[in-house]
Amino acid sequence: MAGRDTNEGVSDDYPLSVGESLALIERQQRETQRRLRVNPAMFYGPWGAAYLLGFGSVFLTYPTAVPLRLPGAVAAVIIGVLFAAATVVSIVTGVRAGRGLRGPSQAAGAMYGWSWTLGFCTLAAVNNGVTRLGLPHDAVTLLWSGSSLLLIGVLYLAAGALFQDRFQYGLGLWMLVSAATSVFAGVPGNFAVVSLAGGGGLLLAAGYFTLRPPCPRR
Amino acid sequence: MSAIGSLPGLDPVIHAQARLRVMVALAGLSTGDQITFPRLQQLLDMTAGNLSTHLRKLEDASYVQITKAHQRRTPVTYVTLTEQGQRAFADYTTALRALLTAPTDQLGD
């Protein structure tokens, strides 16, 4: 039975030296972290691309300095498809990471995941409720870009606190700055801010987490 | 097990490569978390028989706690390190580091 173990052909009764033991511990720790921890890049990547390209295409439906002009329907399809794809990737990633695990960290992860759904459902209710009072079109888009980035920022602040990750906290701060900037940028500049600062920021964060080995946490 | 004889002060339950790997993997879980047998098996690339043999030895030493639960009528086995197991693993790594820095002539005694 021990012979079928796939750890570099070392059988179980092989006498481990101190050095070998320490090396084995380090190797197994790395392997365990790699397989158990979700790399945040798995969330940031798809959402960064969805924001960059989705809101980038909305920006291009307005007459801007950019010579390309997209029909509204095209932008709507691009945004719909990319957001649906990012949602599916996020759910699959979250569910797969928690497979075969239960306990406090799983409960915390699930509650954090639901915070996004609950937050954005409430945001939609609030924004639609306010919009019904008869806001000008520009005010509606500014309301959406500002409030969405604000919520995203606050949720990253929470992730930074929950997972003891200063980088994610910093990303949250970046999103808060982007939220305020987008409102003051006006229309259609707000879409450029959501696309470049929001989506671009997420893609940079994805790059950072792809290159940085995930740190062990307790 | 010749390894134990040559390295005094190391916990013989942990100082065997398969069980050491099991301990490291379980110690890598967040505090209080439990892992199912199949996921642990997948994590370690061990056969089911091999893993259960080693888990039994670790359970006999009270280093791991094995819980049988039911999810949608399917029995699920959860594994987690006990407090005693966490302490034993911490002591083991401390002992390893001490041996590494100790003058080599002491190892022969």
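As shown above, the structure is provided for reference.
This report concerns the structure included in the present document. (Residues numbered from 1 in each chain as written. Chains lettered and ligands numbered in written order. Predicted model: local features only at pLDDT ≥ 70, side-chain atom pairs only at ≥ 80, totals over all residues. Heavy atoms only, no water.)

**Describing the interface of chain B and chain A**
In this assembly, 42 residues from chain B lie in contact with 37 residues from chain A. Approximately 3,600 Å² of surface area, both sides summed, lies buried where chain B meets chain A, with 54% of it carried by carbon and sulfur atoms. Considering only the side of chain B, the residues that lose the most area to chain A are B:Gln17, B:Arg39 and B:Leu43, jointly responsible for 20% of the buried surface there. For the interface between chain B and chain A, the tally reads 13 residue pairs in polar contact (both at pLDDT 80 or more). Of all elements in the fold, only helix 1 (2-6), helix 2 (17-27), strand 1 (34-36), helix 3 (37-44), helix 4 (48-60), strand 2 (64-71) and helix 5 (83-101) of chain B reach the threshold of two or more residues within the side of chain B that touches chain A. Its residues assigned to classes, the side of chain B that touches chain A comprises 20 nonpolar, 17 polar and 5 charged. By the bridge criterion, 2 bridges tie strand 1 (residues 101-102) of chain A to strand 1 of chain B in an arrangement that is antiparallel. (Contact = heavy atoms within 4.5 Å. Buried area = accessible area lost by both parts, 1.4 Å probe. Polar contact = N/O pair within 3.5 Å; in protein donor to acceptor, adjacent residues only side chain to side chain. Helix = DSSP H or I, 4+ residues; strand = E, 2+ residues; numbered from the N terminus. Nonpolar A, V, L, I, M, F, W, Y, C, P; charged D, E, K, R; others polar. Pairing = 2+ DSSP bridges.)

**What to know about the sheet that holds strand 1 of chain B**
What the 4 strands build is an open sheet, ordered 1(A)-1(B)-3(B)-2(B); its pairing is antiparallel. A strand with exactly one partner marks an edge of an open sheet, and here the two such strands are strand 1 of chain A together with strand 2 of chain B. Two strands pair when backbone bridges link them, and strand 1 of chain B and strand 3 (residues 74-81) of chain B are joined in this way by 2 bridges, in the antiparallel orientation. If you follow B:Thr36 over to strand 3 of chain B, its bridge partner there is B:Tyr78.

**Thoughts on the packing of helix 1 (residues 18-36) of chain A against helix 3 of chain B**
The geometry of helix 1 of chain A relative to helix 3 of chain B is characterised by a closest axis approach of 10 Å and an angle of 125 degrees between their N-to-C directions. The angle between helix 1 of chain A and helix 3 of chain B falls in the class oblique. Considering the relative orientation of helix 1 of chain A and helix 3 of chain B, their crossing is right-handed. Counting all contacts with helix 1 of chain A, which are made through A:Gln28, A:Thr32, A:Arg35 and A:Leu36, the residues of helix 3 of chain B involved are B:Arg39, B:Gln42, B:Leu43 and B:Leu44. A breakdown of the residues in the contact of helix 1 of chain A with helix 3 of chain B according to their chemical character gives 3 nonpolar, 3 polar and 2 charged. (Axes fitted to C-alpha atoms, helices over the stretch in contact; angles between N-to-C directions. Parallel < 35°, antiparallel > 145°, perpendicular 65-115°, else oblique. Left-handed = near helix turned anticlockwise from the far one by under 90°.)

**Remarks on the pattern of salt bridges**
The tally for this structure, following the rule as stated, stands at 5 salt bridges over all chains. Of the charged contacts in the structure, one is a salt bridge between A:Arg35 and B:Asp45, with a shortest N-O distance of 3.3 Å. Of this pair, A:Arg35 sits in helix 1 while B:Asp45 sits in the loop between helix 3 and helix 4, each in a different chain. Taking the relative accessible area as the measure of exposure, A:Arg35 reaches 27% and is therefore partly exposed. With relative accessibility at 40%, the residue B:Asp45 sits in the partly exposed group. Connected via shared salt-bridge partners are A:Glu31, A:Arg34, A:Arg35 and B:Asp45. (Salt bridge = Lys/Arg side-chain N within 4 Å of Asp/Glu carboxyl O. Buried < 20%, exposed > 50% of the residue type's maximum accessible area, 1.4 Å probe, protein only.)

Read these as spatial facts, not as claims about activity.
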